[in-house]
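# Structure assessment
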Amino acid sequence: MDLSNKVAIVTGGASGIGRAISLSLAKHGANVVVNYNRSADKANALVTEIESFGGKAVAVQADVSQYQDAEKLMQTALDTFGTLNILVNNAGITDDALILRMSEQQFDNVINTNLKGVWNMTKVAAKTLLKSGYGRVINISSVSGVLGNAGQSNYSAAKAGVIGMTKAVAKEFAARGVTVNAVAPGFIESDMTDKLNDEQKQAWQAMIPLKRFGKKEEIAEVVTFLASELGAYITGHTLEVDGGLVM
Ligand code: NAP
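Attention here is on the structure that accompanies the text. (Residues numbered from 1 in each chain as written. Predicted model: local features only at pLDDT ≥ 70, side-chain atom pairs only at ≥ 80, totals over all residues. Heavy atoms only, no water.)

### Examining helix α2 (residues 40–52)
Residues separated by three or four positions in an α-helix point in the same direction, a consequence of the helix having 3.6 residues per turn. Its 13 residues place the ends of α2 18 Å apart at the C-alpha level, agreeing with the 18 Å of an ideal helix rising 1.5 Å per residue. All of the buried residues in α2 are A43, L46, V47 and I50. Angularly, the buried residues of α2 cover 105 degrees about the axis, an arc narrow enough to put them on a single face. Of the exposed residues in α2, those oriented more than 90 degrees away from the buried face are D41, T48 and S52. (Helix = DSSP H or I, 4+ residues; strand = E, 2+ residues; numbered from the N terminus. Expected span 1.5 Å × (residues − 1). Buried < 20%, exposed > 50% of the residue type's maximum accessible area, 1.4 Å probe, protein only. Arc of directions from axis to C-beta.)

This is the structure in structure tokens:
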């Protein structure tokens, strides 16, 4: 999987799964625009790490829920590396509550980051991706968007929306050979799943056929595959990487 001379943006690319994705793309030769919202130190440390093995990366602050920030992020990618080939829409938040207790603000915040953020970035990247001669969009959804999850009416709606948007944009971009896919992680060892208590962790692990949570690298490698030439004939697909949970 050679991504030399390819330019990638990874939203929320400085920590968690996004960090593993940024590293994997860089190790395969891509120039990486590491987007962060609040984690400036982590983003700068990651750029240094990528440069230490001869890769190229730049850290860019942008809140993907804000259209003007998305435009700024895209412009910085163009100013720094001249084009864009791979857009990984990874940035995401949770703000869980049963719908009886969930505020309108909690709903709007999660939709604005997890769904509108994906639209904002795809919109600002579209022209360049379609013209660049090699284009990939990979949206990080979730099994929560496939199965629905109690306490996550905001998050499940956003992640299901991402799957629908992936299919719509895949049809729009297909004529130019630009593929658009979603990856739906199950439970991955991360800050997000660290919020679960031991009882919740054991209950979920019992339901996962492979009986364990996934590793961030197991998501990153699938994203890298979809970003590479090997993924050229896959589009509009949602790939569950979940130890068999959705089956
Ligand atoms: P995480 O550790 O909480 O990281 C979330 C990332 O998103 C951070 O880098 C954060 O950046 C960024 N972010 C949040 N709001 C943002 C905004 N408005 N603009 C730009 N960046 C923003 O989460 P994670 O576990 O790595 O999750 C990554 C993705 O995988 C998310 O889309 C999540 O929904 C999805 N997912 C995760 C799991 C899991 O088990 N962990 C399962 C299914 C799906 P800053 O730190 O700079 O704010």
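Resuming the write-up.
### With respect to the site of the ligand
As a matter of local geometry, the ligand sits amid 29 residues, with I17, S39, N90, Y155 and S190 nearest to it. Taking I17, its main chain carries an N or O atom lying 2.8 Å from an oxygen atom of the ligand. With respect to the ligand, the backbone of N90 contributes an N or O atom lying 2.7 Å from an oxygen atom. Coverage of the ligand by the protein amounts to 91% of the 900 Å² it exposes when considered alone. For the shell around the ligand, the elements supplying multiple residues, two or more each, are α1 (16–27), β2 (31–36), α6 (153–173) and α7 (191–194). Class assignment of the residues belonging to the shell around the ligand gives a composition of twelve nonpolar, 14 polar and three charged. (Near = heavy atom within 4 Å. Polar contact = N/O pair within 3.5 Å; in protein donor to acceptor, adjacent residues only side chain to side chain. Areas by Shrake-Rupley, 256 points an atom, 1.4 Å probe, with all protein chains shown as cover. Nonpolar A, V, L, I, M, F, W, Y, C, P; charged D, E, K, R; others polar.)

### Considerations on the layout of surface pockets
Reported here for the second largest pocket is a volume of approximately 170 Å³. Considering the residues around the second largest pocket, the lining is formed by S15, G16, R19, A20, L23, S24, K27, H28, K216, E217, A220 and E221. Elements represented by at least two residues in the lining of the second largest pocket include exactly α1 and α9 (216–227). For the lining of the second largest pocket, the residue count by class is three nonpolar, four polar and five charged. (1 Å grid on protein atoms, 1.4 Å probe; cavity = no way out; pocket = protein on both sides within 12 Å on 5 of 7 lines; lining within 4 Å. Points joined across faces, edges and corners; volume = space filled by probe spheres on them.)

### Considerations on unusual backbone geometry
A positive phi angle is found at N5, which is not glycine, with a value near 65 degrees. Mapped onto the elements of the fold, N5 is located in the segment before β1 (7–10). A positive phi angle, close to 60 degrees, is found at K211, a residue other than glycine. With respect to the helices and strands, the residue K211 is situated in the loop between α8 (198–207) and α9.

### Here's the deal with the nonpolar core
Ranked by size, the top nonpolar core spans 33 residues in total, and within it I21, L25, V32, V88, I138, V183 and V223 carry the most contacts. Elements with a contribution of two residues or more to this core: β1, α1, β2, α2, β4 (86–89), β5 (136–140) and α9. If we ignore the near neighbours within four places in the chain, the residues touching I21 are V10, V88, N90, I140, A220 and V223. Within the second largest apolar cluster, 28 residues are counted, among which are I9, V64, A125 and V180. (Core = buried A, V, L, I, M, F, W, Y, C linked by side-chain atoms within 4.5 Å. Contact = heavy atoms within 4.5 Å.)

### Focus on the sheet that holds β5
Strand order in the open sheet formed by seven strands is β3-β2-β1-β4-β5-β6-β7, and the pairing between neighbours is parallel. Edge positions in the sheet fall to β3 (57–61) and β7 (238–241), since each has one partner strand and no second. Looking at each pair of strands side by side, their axes are set apart by 20 degrees on average, direction ignored. As paired elements, β2 and β3 share five bridges and run parallel to each other. By the bridge assignment for β3, V32 is matched with A57. Sheet contacts for α6: β5, β6 (179–185) and β7; angle to β6, the most-contacted strand, approximately 160 degrees. (Pairing = 2+ DSSP bridges. Axes fitted to C-alpha atoms, helices over the stretch in contact; angles between N-to-C directions.)

### Observations concerning the packing of aromatic side chains
Applying the stated rule across the entire model yields three aromatic pairs. Arranged with centres 6.4 Å apart and planes meeting at 40 degrees, the rings of Y67 and W119 form a pair that is tilted. Of the two residues, Y67 is situated in helix α3 (residues 67–81) and W119 in helix α4 (residues 104–131); the sequence distance between them amounts to 52 residues. Taking relative accessible area as the criterion, Y67 reaches 29% and is therefore assigned partly exposed. (Phe/Tyr/Trp six-rings, centres within 6.5 Å; stacked < 30°, edge-to-face > 60°.)

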